[in-house]
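# Secondary and tertiary structure notes
Take a look at the letters that make up each chain.
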Amino acid sequence: MAEKVKNTGVSKEKGYLYYLDKEGDVSRSQMARAGKGGGNAEKVSTAGVTRESGFLYFIDKDGDVWTFGTDVNDVGLLGQGNDSNSSTALQISNLHGIIEVAVGNETSYALDENGSVWAWGVNDKNQTGMLGGSFKTPTKIPGLFSILHIDAGHNFAIAIDDIGDVYSWGKSVNGELGTGAIALQHPDEKPTRITQFATILKISVGNTHVLALDKDGDIWAWGSNSNLELGRSGAADGLPTLMSSFGNVVDIEADYLSSFAILDDGTLRSWGSKLRG
């Protein structure tokens, strides 16, 4: 089935680019040596790759999700209903019409074409947006509708809907849920709307911080600030705070401990930790 693959991914931890070779097999190359992946990089579009474990998801042209690798802590991350590992691609049988995959540390998420979000994996901090133990097959999260984009960090996830409202769920240690509390004794058991802003166009999640780009080209930031990833001095912030303007922003990206923005004139701005280049 490999010839059907259109979406692969990049492993940020390992520094490898996964791509389709000329035979339709999933291959990898080192990013440092091959720039953006070498001769076959044009085959790569979007990514859904774990940040902390040895497995990969990819989406075929029909919107079905395939996975292979090692379920390091036996929590069902391959979505097969068990703790299996696999060196060959396995289809996740109940995911169809999927347009995006997001991966936290031990919980995974998929967004389907109807705007619903599915979750599976560890749920000890309500990372799935539902009550209960770990989910070893994808389960639809109640209360999320018309979602356009999802992203995930360390034990939490964020979603944005078609009118620009933003929702968060999971565990807050550094204010990453954006609902006001820095640390919550009890994780949010269901997605909660963040009310500090309106009409957000894009969200991007780092390890424990979040960036949001609004319709006016301004950036909001919240969560951990131990490496100045919020673009200002001070402690962690549990509420979205508007960053000082440095021009009209057209794109944002939150990495593990750092942040990036592209302005409308093509300028790239970055702030936060330099540990990851």
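Fair warning: this is a prediction, and the values are worked out from it, not measured in the lab.

Attention now goes to the overall build of the protein chain. Of regular secondary structure, the protein chain possesses 1 helix and 22 strands. Considering only contacts in the protein chain between residues 6 or more positions apart, those separated by 24 or more positions represent 46%. Summed over all atoms, the accessible surface of the protein chain reaches about 12,300 Å², with 49% contributed by carbon and sulfur.

Looking at where Asp64 falls in the secondary structure, it is placed in the loop between strand E5 (55-60) and strand E6 (65-69). Given the relative accessible area of 13%, Asp64 is considered buried. In terms of polar contacts, Asp64 uses its side chain to reach the side chain of Gln91, at 3.4 Å. If we ignore the near neighbours within four places in the chain, the residues touching Asp64 are Phe58, Ile59, Gln91, Leu95 and His96.

This part is about the nonpolar core. Judged by nonpolar contacts, the single largest core of 32 residues is most densely connected at Tyr57, Leu95, Tyr109, Val117, Ile141 and Ile150. Of all the secondary structure elements, the ones that give two or more residues to this core are E5, strand E8 (98-103), strand E9 (107-112), strand E10 (117-121), strand E12 (147-152), strand E13 (156-161) and strand E14 (166-170). Counting 15 residues, the second largest nonpolar core, distinct from the first, contains Leu184, Ile194, Val205 and Trp222.

The next point concerns unusual backbone geometry. Even without glycine at this site, Asn155 takes up a positive phi of about 70°. Of note, Asn155 is situated in the loop between E12 and E13. By relative accessible area, Asn155 is classed as buried at 9%. A positive phi is found at Leu228, a non-glycine position, where the angle reads about 60°. Turning to its location among the elements, Leu228 is positioned in the loop between strand E18 (219-223) and strand E19 (237-242). On the basis of relative accessibility, which here comes to 46%, the residue Leu228 falls in the partly exposed class.

Below, the discussion takes up the sheet that holds strand E20 (residues 249-254). The antiparallel open sheet is built from 3 strands, whose spatial order is E20-E21-E22. Every interior strand has two partners, whereas the edge strands, E20 and strand E22 (268-272), have only one. Ignoring strand direction, the axes of neighbouring strands in this sheet form an average angle of 15°. In this sheet, E22 lies alongside strand E21 (residues 258-263) in antiparallel orientation, the contact comprising 5 bridges. The partner of Ser259 across the bridge, within E22, is Trp271.

This next bit is on the pattern of salt bridges. Proximity of charged atoms lets side chains of opposite charge pair with each other. Following the criterion strictly, the structure yields 6 salt bridges and no others. Notably, a salt bridge pairs Lys125 with Asp124, separated by 3.1 Å at the nearest N-O pair. Residue Asp124 is classed as exposed on the basis of its relative accessible area of 52%. Measuring nitrogen to oxygen at the nearest pair gives 3.4 Å for the salt bridge that ties Asp165 to Arg193. Residue Asp165 is located in the loop between E13 and E14, and its partner Arg193 is located in strand E15 (residues 188-194); the two are separated by 28 residues in the primary sequence.

With that out of the way, let us pick up the pairing of E20. In the sheet, E20 pairs with E21 via 5 bridges, with the strands oriented antiparallel. Of the residues in E21, the one forming a bridge with Glu253 is Phe260. Where E20 folds back on E21, the antiparallel hairpin that results is connected by 3 residues.

Turning next to the environment of Ala119. Position of Ala119 relative to the elements: it lies in strand E10. Residue classification places Ala119 among the buried positions, given a relative accessible area of 0%. Once residues lying within four places of it in the same chain are set aside, the contact partners of Ala119 are Ser108, Tyr109, Thr128, Met130, Phe135, Thr137, Pro138, Thr139 and Ile141.

Parameters and conventions
Residues numbered from 1 in each chain as written. Predicted model: local features only at pLDDT ≥ 70, side-chain atom pairs only at ≥ 80, totals over all residues. Heavy atoms only, no water. Helix = DSSP H or I, 4+ residues; strand = E, 2+ residues; numbered from the N terminus. Contact = heavy atoms within 4.5 Å. Areas by Shrake-Rupley, 256 points an atom, 1.4 Å probe, with all protein chains shown as cover. Buried < 20%, exposed > 50% of the residue type's maximum accessible area, 1.4 Å probe, protein only. Polar contact = N/O pair within 3.5 Å; in protein donor to acceptor, adjacent residues only side chain to side chain. Core = buried A, V, L, I, M, F, W, Y, C linked by side-chain atoms within 4.5 Å. Pairing = 2+ DSSP bridges. Axes fitted to C-alpha atoms, helices over the stretch in contact; angles between N-to-C directions. Salt bridge = Lys/Arg side-chain N within 4 Å of Asp/Glu carboxyl O.

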